[in-house]
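What follows is each chain in one-letter form.
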Amino acid sequence: MPQTTAKSLYPSASTGRPSKIAIIGAGAVGTAVAYACAMRGDARSIVLQDINKPKVEAEALDIAHGIQFTPCGSVEGSDDVEIVAGADLVIITAGAKQKPGQSRLELAGSTVSLMKKIVPNLQKVAPNAVFMFITNPVDVVTYVALKLMDLPRNQVFGSGTVLDTSRLRYLVSLETGVATQNIHAYVAGEHGDSEVAMWSSAEIGNVPLAQWGPTLTGRTFDSELRKELATEVVQSAYKIIEGKGATNYAIGLSASNIASAVLRDENRVLTVSSLLEDWEGISDVCMAAPTLVGRNGAGRVLNPPLTLAERDGLTASAQRLRQVARDLGF
Ligand code: NAD
């Protein structure tokens, strides 16, 4: 007969450690990421780190006061990078935001200098973490960080066009009345002006987009409508920044979605930005493509069917990103 002891009736606290997400930068984006991750319970412990001590402490406390209503265990903020120690996933949002009318690529120089400063310290305190970059221009920042960190490609990736893909699906959903979750369409390439909507592989449910027939507005997904929707996706960040100074809620949810794919080892297909090695003839650049994302980070990059025009668009996007990295000495 097993002996019933006080110890077995009241087991001590788990000997394991809670899952931990560290978010660098507690601005509009970092706080939205923290809020989304806390609400969705992507990790038990969430920490925010920022050089602005009063702000980061206040932002963390504000979210922590709502923990009762979330599956999250703790939210803390500090200006000390040591708070990142032991993180499973580090999400980097630190950096200057785009000014109205400014392209993401114009931000590159100052952001790269900032990354040179912060990335080595993050790697020192959380050497085994998966690192996800959100700071723009995200593809160039991810490439530079990968070079600075010298880690395997899977461990360092960017949020890529996960947000742009969600924006495209939202627009197709509005046009058709079908739930966004059933729109299977991807945006790849630069998170920015040269990105490419991969229309030829898009499906609604399991119906190829080209066979969908009339939309709610009586149009069909012809080249004119496709161009209109893709342009709206590219323009949407500019429009939001014009109106409110930053985009933050949808990127917060996008990042939380990616975080969950990593920490729950979901192997989801997400258009993150990772180092491409002979993907559709494209190499030595970080750029978004449909990629399996799981506990090890960015895994296999998928090869969907592409038209020649889509392939040319992706090649041009890669060349543009590579050139910016070269101009910055990488
Ligand atoms: P923000 O100015 O509101 O916040 C940036 C924060 O970074 C500030 O709180 C600042 O104190 C902090 N910071 C600066 N230097 C730091 C350092 N050395 N260590 C720690 N923290 C530091 O800007 P934001 O609106 O939050 O945007 C942040 C970044 O995210 C920008 O580069 C923006 O373009 C990018 N962004 C990317 C996407 C995407 O889809 N990839 C979407 C939206 C925004």
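Thresholds, definitions, all that
- Residues numbered from 1 in each chain as written.
- Predicted model: local features only at pLDDT ≥ 70, side-chain atom pairs only at ≥ 80, totals over all residues.
- Heavy atoms only, no water.
- Helix = DSSP H or I, 4+ residues; strand = E, 2+ residues; numbered from the N terminus.
- Rg over C-alpha atoms; globule rule 2.2 N^0.38 Å.
- Buried < 20%, exposed > 50% of the residue type's maximum accessible area, 1.4 Å probe, protein only.
- Contact = heavy atoms within 4.5 Å.
- Areas by Shrake-Rupley, 256 points an atom, 1.4 Å probe, with all protein chains shown as cover.
- Lys, Arg positive; Asp, Glu negative; His and termini not counted.
- Charge placed at Lys NZ, Arg CZ, Asp CG, Glu CD.
- Near = heavy atom within 4 Å.
- Polar contact = N/O pair within 3.5 Å; in protein donor to acceptor, adjacent residues only side chain to side chain.
- Nonpolar A, V, L, I, M, F, W, Y, C, P; charged D, E, K, R; others polar.
- Pairing = 2+ DSSP bridges.
- Axes fitted to C-alpha atoms, helices over the stretch in contact; angles between N-to-C directions.

A.B. asks: Teacher, can you tell me more about the overall build of the protein chain here?
C.D. replies: When its secondary structure is counted, the protein chain shows nine helices and 16 strands. Taking 330 residues into account, the globule formula puts the C-alpha radius of gyration at 20 Å, and the protein chain, at 21 Å, falls close to it. Along the first, second and third principal axes, the C-alpha atoms of the protein chain reach 70 × 50 × 40 Å. Each of the 330 residues in the protein chain was classed as buried or not, and the buried ones make up 53%. Here the analysis covers contacts within the protein chain between residues at least 6 apart in sequence; of these, 69% occur between residues at least 24 apart. A total accessible area of about 15,200 Å² is found for the protein chain, and carbon and sulfur atoms account for 53% of it. In the protein chain, 30 positive and 33 negative side-chain charges are present, and the distance between their average locations comes to 4 Å.

A.B. asks: Would you mind showing me how to read the site of the ligand here?
C.D. replies: In the vicinity of the ligand there are 25 residues, among which Ala 28, Val 29, Asp 50, Ile 134 and Asn 136 approach most closely. With respect to the ligand, the side chain of Asn 136 contributes an N or O atom lying 2.9 Å from an oxygen atom. A distance of 3.1 Å separates an oxygen atom of the ligand from a polar side-chain atom of His 191. In isolation the ligand has 870 Å² of accessible area, and contact with the protein removes 88% of it. Listing elements by their share of the shell around the ligand, those giving two or more residues are helix H2 (28-40) and helix H4 (108-125). Across the shell around the ligand, the residue classes tally to 13 nonpolar, ten polar and two charged.

A.B. asks: In this structure, what is going on with the sheet that holds strand E12 (residues 268-270)? I would like to understand it.
C.D. replies: If you trace the three strands from one edge of the open sheet to the other, you get E12-E15-E16, paired in antiparallel fashion. What marks the edges here is a single partner per strand, and that holds for E12 and strand E16 (297-301). The mean angle between the axes of side-by-side strands here comes to 45°, regardless of whether they run parallel or antiparallel. Where strand E15 (residues 291-294) lies against E16, three bridges are found, and the strand directions are antiparallel. In the strand pairing of E16, Gly 294 is matched with Gly 297. Each of E12 and E15 touches helix H8 (residues 249-263); the most contacted strand, E12, lies at about 145° to it.

A.B. asks: Help me understand the environment of Val 141 in this model?
C.D. replies: In this fold, Val 141 is placed in helix H5 (residues 138-149). Judged by relative accessible area, which is 1%, Val 141 ranks as buried. A sequence separation of 81 residues divides Val 141 from Asp 222, and the C-alpha atoms of the two residues are 35 Å apart. Setting aside residues no more than four positions away along its own chain, Val 141 makes contact with Thr 111, Met 115, Phe 133, Thr 135 and Asn 136.

A.B. asks: Explanation requested: the sheet that holds strand E10 (residues 203-204) in the structure shown.
C.D. replies: In space, the three strands of this open sheet follow the order E7-E10-E11, with antiparallel pairing throughout. The two strands at the open ends of the sheet, each matched to only one other strand, are strand E7 (183-184) and strand E11 (207-208). Across two bridges, the pairing between E7 and E10 is antiparallel. Across the sheet, residue Ile 183 finds its bridge partner in E10, namely Ile 204.

A.B. asks: Can you help me understand unusual backbone geometry in this one?
C.D. replies: Most of the time, phi is negative for any residue but glycine, and the peptide bond is trans. The step from Asn 136 to Pro 137 runs through a cis peptide bond, and the omega angle for that step is -5°. The topology assignment puts Pro 137 in the loop between strand E5 (130-133) and H5. Phi angles above zero are rare outside glycine, and Asp 150 is one such case at about 55°. Residue placement: Asp 150 occurs in the loop between H5 and strand E6 (156-158). With relative accessibility at 67%, the residue Asp 150 sits in the exposed group. Here Asp 265, not a glycine, exhibits a phi torsion of approximately 50°, which is positive. Inspection of the secondary structure assignment puts Asp 265 in the loop between H8 and E12.

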